[in-house]
Amino acid sequence: MEAVTSPQQESNGPIIRGCQWLKSLPNKFCDKTTEIARRTKKLGQDDPRRIVHSLKVGLAITLVSLFYYFKPLYDGFGNSAMWAVLTVVVVLEFSVGATLGKGLNRMLATLVAAALGFGAHRLATLSGRKGEPILVATFVFIIAGITTFMRFFPKVKARYDYGMMIFLLTFCLVSVSGYRDDQVLEMAHERFSTILVGSCASLIVCICVCPVWIGEDLHKSVAANIAKLANFLQAFGDEYFKESEESNENNKSYLQGYRTVLTSKSSEETMVNFARWEPGHGPFGYRHPWKMYLKVGNLTRDCAYKVEALNSYLNSKIQAPAEIRGKIQVPCKRVSVECSLALKEMASTFRKMVLTRSAVMHIENSKKAAEELKSLLKTSLWEEADLLEMIPAASVASLLLEIIGCIEKISEAVNELGKAASFRKINATVLPEQQDSIQQDSNNTAIVPVPHCVIVVAE
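Numbering of residues starts from 1 in each chain and follows the order in which that chain's sequence is written. Per-residue local features of the predicted model are confined to residues with pLDDT of at least 70, and side-chain atom pairs are confined, for both listing and counting, to 80 or more; whole-chain, interface and lining totals are unaffected and use all residues. Each side-chain value is derived from all of the structure's non-hydrogen atoms; neither hydrogens nor water enter the calculation.

As annotated in an unreviewed UniProt entry, the protein is Aluminum-activated malate transporter 2-like from Hibiscus sabdariffa. According to the UniProt record, the Sequence similarities (unreviewed entry) comment for the protein reads "Belongs to the aromatic acid exporter (TC 2.A.85) family." Here the protein is described in UniProt, under the heading Subcellular location (unreviewed entry), as follows: "Membrane". UniProt positions are given in the numbering used here, feature names are shortened, and annotations may be inferred rather than shown by experiment.

S.K.: Help me out: how do you make sense of the packing of aromatic side chains in this one?
M.R.: Ring pairs (aromatic) are described by centroid distance and by the angle formed between their planes. Pairing of aromatic rings covers Phe, Tyr and Trp, the last counted by its six-membered ring, and requires centre-to-centre distances within 6.5 Å; plane angles under 30 degrees mean stacked, over 60 mean edge-to-face, and any other angle means tilted. In this structure the tally under the stated criterion is 9 aromatic pairs. The interplanar angle of 90 degrees and the centroid separation of 5.8 Å between the aromatic rings of Phe149 and Phe153 together place this pair among those described as edge-to-face. Between the aromatic rings of Phe232 and Phe236, the centroid separation amounts to 5.8 Å while the plane-to-plane angle is 25 degrees, which identifies the pairing as stacked. Taken as a pair, Phe232 and Phe236 lie in helix H10 (residues 214-240) at a separation of 4 residues, close to a single helical turn. Pair check on accessibility: Phe232 and Phe236 agree, each one buried. Every member of this aromatic cluster is reached through a ring pair, and the members are Phe284, Trp290, Tyr293, Phe350 and Phe423. Here a strand is any run of E in DSSP of at least two residues, a helix any run of H or I of at least four, and the numbering for each starts at the N terminus. When accessible area is computed with a 1.4 Å probe and restricted to protein chains, residues below 20% of their type maximum are described as buried, those above 50% as exposed, and intermediate ones as partly exposed.

S.K.: How should I be thinking about the pattern of salt bridges in this particular structure?
M.R.: Salt bridges are defined as contacts in which a side-chain nitrogen from Lys or Arg sits within 4 Å of a carboxyl oxygen from Asp or Glu. Under the definition given, this model contains 15 salt bridges. The salt bridge partner of Arg151 is Asp161, with a shortest N-O separation of 2.9 Å. You can see Arg151 sitting in the loop between helix H7 (128-150) and helix H8 (154-177) and its partner Asp161 sitting in helix H8, a full 10 residues away along the chain. Classification of Arg151 as partly exposed rests on a relative accessible area of 24%.

S.K.: Where do I start with the UniProt feature "transmembrane region" (unreviewed entry) in the protein in this structure?
M.R.: When the UniProt feature table is mapped onto this chain numbering, "transmembrane region" (unreviewed entry) sits at residues 51-70, 82-101, 108-128, 134-153, 160-180 and 192-214. Annotated as 90% helix and 0% strand, the span residues 51-70 places its first and last C-alpha atoms 29 Å apart. Strand forms 0% of residues 82-101 and helix 80%; the C-alpha atoms that close the span are 22 Å apart.

Next comes the structure, spelled out in structure tokens:
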């Protein structure tokens, strides 16, 4: 039998719920504050450069704000000094390359647009008071149409899109406002001067105070992506051919790390565009071949797609029987391990900017294991097996064979980039039995701690 509630109890319900909500509000506020503090701490610990960049932005804005605080500086620019502050807010980016790109684009676009806007205004005034608005509107229409269409060109959009936008904005501001304001030249001069001050302040702070080089980040990112594929292939053999259901935690992280490689295309293209603005710094000299990083990145992603297909067979509902997998276990695991070692060698030498052929040995070993795997697939071991049971194992073997070709292309692209970028050359020839990595001493001499090796070093 259902309980009967009185109208007074029903009316007290919202009041009681409101009181309970008010009582829990302090606890919710404390929990939310703790969560925000925890996320803030993690954000700073993940990359301490973010904290430094925040301080750099505050420093640059404070320096430019002096134009308002000191009367002699304010008298020179007037209210136009605010453009310098706005320029710092817009131009000062996280990396040197991004700041240089935006700063130079803004300065050059403002200079050209101010000159053209002043010229359009002077030409329009020659036609008289009635013809001036018609000519100004015509100039604005033509410049706006041409500038907007030029932004569709891929190369222009990649490097000069921000400059084209500022160019159009400044031209319209100078040419159109000149119809009501006679001090067009003074306005154009003040705008360019304040933007020049703001851009220079941003560049000085960005380069001189704990600079963040986007080219260095790009170099490390490409090397890290290669290493992620190596980690996957290292763990794949043990995970696919495992005899027990227990799984290693390290293998789980290795098997998931490759996913970020699949979505790295846009970030790499952005970093390449910004890196091309940066001057020579550290091991990255003038005219460093930044565009060649895109080739290495594309080949790495092609390999990552093969790895993703390989990963799908780990958790697939249709699995080959253990007996069939056991027949190809030895050559498959050997291919996987040798490919992993080759990628690790490439990632290590690429990160250190060393030009060596140490990964070729592992590629050759993987090819030998691939020949063994191919011959095994052609034998009569499969005649008694069901076709549906054989397909998953054969697909895994086929993907491993394709990955060898991808790794060989990555190795060629890395060597090509190393030659163009003048990486340090260390040629080492090691007997096939030696599979340990080659170390270097302070004199760039190859040292292998394992005996019975023949090493030839050419500097």
